[in-house]
Structures are given as structure tokens and as C-alpha cells.
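The residues making up each chain are set out below.
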Amino acid sequence: MVSRLMAVVCGLCLSALAASGAAAVEVEGVNVAESKTVDGSGLVLNGVGVRSKFFIDLYVAALYLPSKTSDEAAILEADETQAMVLHVISGRINSDNMTEATLEGFENSTGGNMAPIQQEVDELLTVFADEISEGDTFELVYVPDEGVRVIKNGQVGKTIGDRAFKEALFGIWLGNEPAQGSLKDDMLGE
């Protein structure tokens, strides 16, 4: 009788967790939430994937949007709350190579014309100047009329730029020359 009651209670608890949006998917040992809330705006996990280089998994990247879509142009151009979350899963990522990869990504996403957003790029790079370790999480959260909030390990740091900066930043992963094609596909849910 007690074990049956416990089974019913556990089932109810699991149902409540799923209904509350606490559900997660696991990717490379990282629990990725299926939804998140930013300033009262509900976002859903559009897609998640792993950034690899030379057969080494570097980070898990998750894209959150108000509603799911595979239209990268619409995502980049949208002036709505969006988030990109990076979970570092390799000790090979450090400040120097994160800075180098970010600069290369901006070069690609802007077609080599970073001049209009150079100040914002420089501000973002100061975030990567601090030590980066396996297990660190970076949240890049775009909020209309505010900019991109940069959050490291749950600590809100700078808010940078505007929609044009967000477009170039998210273009690192979703643009015409993404950091990794298969990661782009995964984040677009393809």
C-alpha cells in the first residue's frame, strides 16, 4: 500500500515538473532546459547542438525563441527577446581562443565589416578576458530596447549594443558562414 502511494505521489511530482517547464534534454552531459523566462517573456528551446573542432567537443549551444522556427533570417532580424546559451564542456577553451573564435565569427557574420559594431564587439571581448573554465555557462540574452545581456555563470555582466549587434552576434552561429554548419542545423531544429 505504501509503495503504491509513493508511486502515485512520484508520478504527480513528475507531472508537475513537466507542466512547470522544468523539463530538460541532456546533451553531452549538460541538462538543457526546454524553456526559460526573461523579464516575463516565455522562450522555448528552438534547438541545441554541440560545437566541435578537430574532433573535440567544445561547448553545447542552445537557442531560445518566443516560438520555434527554422527561418534563420527571421531569427536574426527579429526585434524580440531571444537567448543563446553556451555551456563550456571542454577544458581546452580559454580566454585567448574564445576571443579569437569570437572575432572570427564576427568577421564571418558581418561579411568582414565589423566597423559599425566594433565598439560592441570590443565590449563583449572584455567578458572573455576573464578566465574561462570547463563548466562555465554564458547566456547572451537579447532584450528589445535594451541590448544583449551577457550573463556568465548566472551573474549579469554587461548589456551591450542593439538589434544590429544581436544580429551579428547570433549570426556567428546562424549566419551564412556559421561557426559550424551542423550546429546551426541543430539550433534551427533541422
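Counting restarts for each chain: residues are numbered from 1 in the order of the written sequence. Only residues with pLDDT of 70 or above have their local features reported here, since the model is predicted, and side-chain atom pairs are shown and tallied only from 80 upward, although totals for entire chains, interfaces and linings are computed over all residues. Only heavy atoms go into the side-chain values, all of them from the structure, while hydrogens and water stay out.

### Thoughts on the overall build of the chain
Reasoning step 1: A helix here means a DSSP run of H or I that spans at least four residues, while a strand means a run of E at least two residues long, and both kinds are numbered starting from the N terminus. From N to C terminus, the chain includes 6 helices and 9 strands.
Reasoning step 2: Burial here depends on accessible area, computed with a 1.4 Å probe over protein chains only, as a share of the maximum for the residue type. Under 20% is buried, over 50% is exposed, and the range in between is partly exposed. Burial analysis of the chain (190 residues in total) assigns 42% to the buried set.
Reasoning step 3: Method for areas: the Shrake-Rupley scheme with a 1.4 Å probe, in which residue coverage is limited to the protein chains shown. When the accessible surface of the chain is summed, it comes to about 9800 Å², and 50% of that surface belongs to carbon and sulfur atoms.

### Structural notes on unusual backbone geometry
Reasoning step 1: Even without being glycine, D39 reaches a positive phi, approximately 50°.
Reasoning step 2: Here D39 lies in the loop between strand 3 (35-38) and strand 4 (41-53).
Reasoning step 3: Even without glycine at this site, F54 takes up a positive phi of about 50°.
Reasoning step 4: One can find F54 in the loop between strand 4 and strand 5 (56-65).

### Observations concerning the pairing of strand 6 (residues 82-88)
Reasoning step 1: In terms of burial, strand 6 is a largely internal element, 7 of the 7 residues being buried.
Reasoning step 2: Residues Q82, M84, L86 and V88 point to one face of strand 6 and A83, V85 and H87 to the other, with burial holding for every one of them.
Reasoning step 3: Where strand 5 meets strand 6, 6 bridges bridge the pair, whose relative direction is antiparallel. Each bridged residue has a counterpart across the sheet, and for A62 the counterpart in strand 6 is V85.
Reasoning step 4: Inspection of the sheet shows strand 6 paired to strand 7 (residues 137-143) by 6 bridges, in the antiparallel sense. Paired with V85 across the two strands is E139, which belongs to strand 7. Two strands form a pair only when DSSP identifies at least two bridges running between them.

None of this, on its own, says anything about what the molecule does.
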